[in-house]
Amino acid sequence: MMDITNNFIRLLKILNELDVSDLLDLSIEERVEIFNQLSDISAKIVEFKHPTLNVKLVDSALVKDNDYNPNKVGPVEFKLLKHSIKKRWYNNPCSRREANRI
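Because the structure is predicted, anything quoted here is derived from the model rather than measured. By convention here, each chain's residues receive numbers from 1 onward along its written sequence. Local features in a predicted model are, by the rule used here, given only for residues with pLDDT of at least 70; side-chain atom pairs are given and counted only at 80 or more, and totals for whole chains, interfaces and linings are based on all residues. For the side-chain quantities, the full set of heavy atoms in the structure was used; hydrogens and water were omitted.

How would you summarise the overall build of the protein chain if you had to cite specific residues and measurements?
The helix count covers DSSP runs of H or I at least four residues long, the strand count covers runs of E at least two residues long, and both are numbered beginning at the N terminus. Counting its regular elements, the protein chain contains 4 helices and 0 strands. Listed N to C, the secondary structure of the protein chain is α-α-α-α in terms of helices and strands. Using a 1.4 Å probe on the protein chains alone, a residue whose accessible area is under 20% of its type maximum counts as buried, one over 50% counts as exposed, and one in between counts as partly exposed. The buried share among the 102 residues of the protein chain stands at 4%.

Please set out the confidence of the model for the protein chain residue by residue, giving values where relevant.
Chain-level pLDDT for the protein chain is 79 on average; 81% of the residues reach the 70-or-more range. pLDDT is a residue-level measure of predictor confidence that goes from 0 to 100. Within the protein chain, the element-level pLDDT minimum falls on helix H4 (residues 75–88), averaging 81, and the maximum on helix H3 (residues 28–46), averaging 89.

Which residues make up the side chain of Ser 39, and what are the values?
With respect to the helices, strands and loops of the structure, Ser 39 is situated in helix H3. Residue Ser 39 is classed as buried on the basis of its relative accessible area of 10%. The definition of a polar contact used here is a pair of N or O atoms within 3.5 Å, where within protein one atom must be able to donate a hydrogen and the other to accept one, and adjacent residues in sequence count solely through side-chain atom pairs. Among the polar contacts made by the side chain of Ser 39, one reaches the side chain of Asn 54 at a distance of 2.8 Å. Throughout, a residue-residue contact means that at least one pair of heavy atoms, one from each residue, lies within 4.5 Å. Not counting chain neighbours up to four residues away, the residues in contact with Ser 39 comprise Leu 53, Asn 54 and Val 55.

An account of H4 is needed here, citing residue identities and associated values.
Every α-helix carries 3.6 residues per turn, so stepping three or four residues along brings you back to the same face. What a helix should span is 1.5 Å times the count of its residues minus one. Taking 1.5 Å of rise per residue, the 14 residues of H4 would be expected to cover 20 Å, and the 20 Å separating its terminal C-alpha atoms lies within 8% of that figure. Counting buried residues along H4, only 1 of its 14 residues qualify, which leaves the element largely exposed.

Can you tell me about the environment of Ile 34, naming the residues and giving the values?
In this structure, Ile 34 sits in helix H3. Through-space distance from the C-alpha of Ile 34 to that of Leu 23 is 10.0 Å; in sequence the pair is 11 residues apart.

Account for H3, naming residues and giving values.
If you check H3, its first and last C-alpha atoms are 27 Å apart, about what 19 residues at 1.5 Å a residue would give, namely 27 Å. With its phi angle positive at about 60°, Glu 47 sits one or two positions after the end of H3.

Okay, structure coming up:
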């Protein structure tokens, strides 16, 4: 078991030492794919089944609203929310479940 732990630690050190500027040469799609795969790996390590522990970046065109969301946002708050999303591309992560899964 110690070998596996040491291997993971070595791998994480290698990943941590990567030059971030090299990653900027990749397309946004490639960087998103890398992020999503790292998120999958991280979720497997902790073994907790919770959507906030396996965050995925997805194209906003794939996100659909629902009819049952009771949240109402006032005009001032909505303006601030729009500003926040435009500035950072998100406000808070959305959690969701996969279709046909509980």
